[in-house]
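Fold and geometry: a report
Here are the chains, one letter per residue:
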Amino acid sequence: MLWNLQKARPVWITNLQEDEAEELESPQSPGQLLNPALAHSVSVASCGNIFSCGAEDGKVRIFRVMGVKCEQELGFKGHTLGVSQVCFLPESYLLLTGGNDGKIMLWDVSSEVEKKQKSPTKPTHRKKTKRAAYTKQSGNTHVPVAGEEEHGKIIPKLSIEHGEKVNWLLSTKIKGYQNILVADQTSCISVYPLKEF
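Residues numbered from 1 in each chain as written. Predicted model: local features only at pLDDT ≥ 70, side-chain atom pairs only at ≥ 80, totals over all residues. Heavy atoms only, no water.

**Things to note about the overall build of the protein chain**
In terms of helices and strands, the protein chain carries 2 helices and 16 strands. The buried share of the protein chain, taken over its 197 residues, is 43%. Residue pairs in contact within the protein chain that sit at least 24 positions apart in sequence constitute 44% of those at least 6 positions apart. Within the structure as shown, the protein chain displays about 11200 Å² of accessible surface, and the carbon and sulfur contribution to it stands at 52%. (Helix = DSSP H or I, 4+ residues; strand = E, 2+ residues; numbered from the N terminus. Buried < 20%, exposed > 50% of the residue type's maximum accessible area, 1.4 Å probe, protein only. Contact = heavy atoms within 4.5 Å. Areas by Shrake-Rupley, 256 points an atom, 1.4 Å probe, with all protein chains shown as cover.)

**Topic: the sheet that holds strand 14 (residues 168-174)**
With antiparallel pairing, 3 strands are arranged side by side in an open sheet as 14-15-16. Because the sheet does not close on itself, it has two edges, and the strands there are strand 14 and strand 16 (189-193). Strand-to-strand, the axes of this sheet are offset by a mean angle of 30 degrees, without reference to chain direction. (Pairing = 2+ DSSP bridges. Axes fitted to C-alpha atoms, helices over the stretch in contact; angles between N-to-C directions.)

**Brief notes about the sheet that holds strand 4 (residues 50-55)**
Strand-to-strand pairing in sheets goes through backbone hydrogen bonds, with the strands running parallel or antiparallel. Taken in spatial order, the 4 strands of this open sheet run 3-4-5-6, and their pairing is antiparallel. Edge strands, defined here as strands with exactly one partner in the open sheet, are strand 3 (39-44) and strand 6 (69-77). On average, adjacent strands in this sheet sit at an angle of 25 degrees to one another, irrespective of strand direction. Note that strand 5 (residues 59-66) and strand 6 share 8 bridges and pair antiparallel. Following the sheet pairing, Val 65 is matched in strand 6 by Cys 70.

**A short note on the pairing of strand 9 (residues 103-108)**
In terms of residue burial, strand 9 counts as a mostly covered element, since 5 of its 6 residues are buried. Count of turn residues in the strand 8 (residues 94-99)/strand 9 antiparallel hairpin: 3 residues, of which Gly 102 carries a positive phi of about 80 degrees. Where strand 9 and strand 13 (residues 158-161) come together, 4 bridges link them in antiparallel fashion. When the bridges of strand 13 are listed, Ile 104 appears paired with Ile 160.

**Examining the environment of Ser 190**
Its location among the elements puts Ser 190 in strand 16. In this structure, Ser 190 is in contact with His 162, Ile 180, Leu 181 and Val 182, ignoring residues within four places of it in sequence.

**As for the layout of surface pockets**
Roughly 330 Å³ of volume is contained in the largest pocket. Among the residues making up the lining of the largest pocket, the classes are represented as 15 nonpolar, 5 polar and no charged. (1 Å grid on protein atoms, 1.4 Å probe; cavity = no way out; pocket = protein on both sides within 12 Å on 5 of 7 lines; lining within 4 Å. Points joined across faces, edges and corners; volume = space filled by probe spheres on them. Nonpolar A, V, L, I, M, F, W, Y, C, P; charged D, E, K, R; others polar.)

**Overview of the side chain of Gln 178**
Among the structural elements, Gln 178 can be located in strand 15 (residues 177-183). Side-chain polar atoms of Gln 178 contact the side chain of Ser 171, separated by 2.3 Å. With sequence-adjacent residues up to four places away left out, Gln 178 is seen in contact with Leu 89, Pro 90, Ser 171, Thr 172, Lys 173, Pro 193, Leu 194 and Lys 195. (Polar contact = N/O pair within 3.5 Å; in protein donor to acceptor, adjacent residues only side chain to side chain.)

**Remarks on a nonpolar patch on the surface**
A cluster of nonpolar side chains, contributed by Trp 168, Leu 170, Ile 174, Ile 189 and Val 191, occupies part of the molecular surface with about 420 Å² of accessible area. Within the residue set of the nonpolar patch, elements represented by two or more residues are strand 14 and strand 16. The element contributing the most residues to the nonpolar patch is strand 14, with 3 residues. Looking at the element boundaries, Val 191 is found in strand 16. (Patch = residues over 30% accessible without salt bridge, like charges linked within 9 Å, V, L, I, M, F, W, Y side chains within 5 Å. Salt bridge = Lys/Arg side-chain N within 4 Å of Asp/Glu carboxyl O.)

**Observations regarding the nonpolar core**
Grouped together as the largest cluster of nonpolar side chains are 16 residues, with contacts concentrated most on Ile 62, Phe 76, Phe 88 and Val 109. Those elements giving two or more residues to this core turn out to be strand 5, strand 6, strand 7 (83-88) and strand 9. Ranked by residue count, the leading element in this core is strand 7, at 3 residues. By size, the runner-up hydrophobic cluster in this structure holds 14 residues, among which are Leu 89, Leu 94, Ile 104 and Val 182. (Core = buried A, V, L, I, M, F, W, Y, C linked by side-chain atoms within 4.5 Å.)

**Remarks on unusual backbone geometry**
Look at Ala 8: it is not a glycine, yet its phi comes out positive at around 55 degrees. Despite not being glycine, Lys 175 has its phi angle at roughly 55 degrees, a positive value. The residue Lys 175 is located in the loop between strand 14 and strand 15 in this model.

As structure tokens, then:
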């Protein structure tokens, strides 16, 4: 929902479950369970008119606010289980996602968002990213993912096997370097460096 806070009423509403029904190309096979598209997390990019939504169906959706309505710019399968958290990095269209599948992924949606730019605003969020070169540390494997897009599909720039369901994540600078803070079902906060981004 997009709310008008002065009038305390929504001005735009979308139902992710209705959108999902339109996307289904083949009927559900007997015995197959599908998670409904329930929204778990929303993050607004620093530009203020782009936001992402992580849902139980494992998809990430990117929307653009256009006055009093929103348009879906992009949608892609982000995780094998629900997307529990989404978080835009500051001053960029780099998007962190955390899932119930125990994975943390970094996506660069700038090319798709800027390609569909509908307003004549100055693009201030062009930030080139480099590939990460991580090794196995403390039992957590960091896997760099090559290429930006493959056959028109968004693929992650970085995938981290966290191992536990991600309950919360945040990008922050520590000692001048960008890091990911992750909370899961344990009593510890995990920190992953993003020195390459």
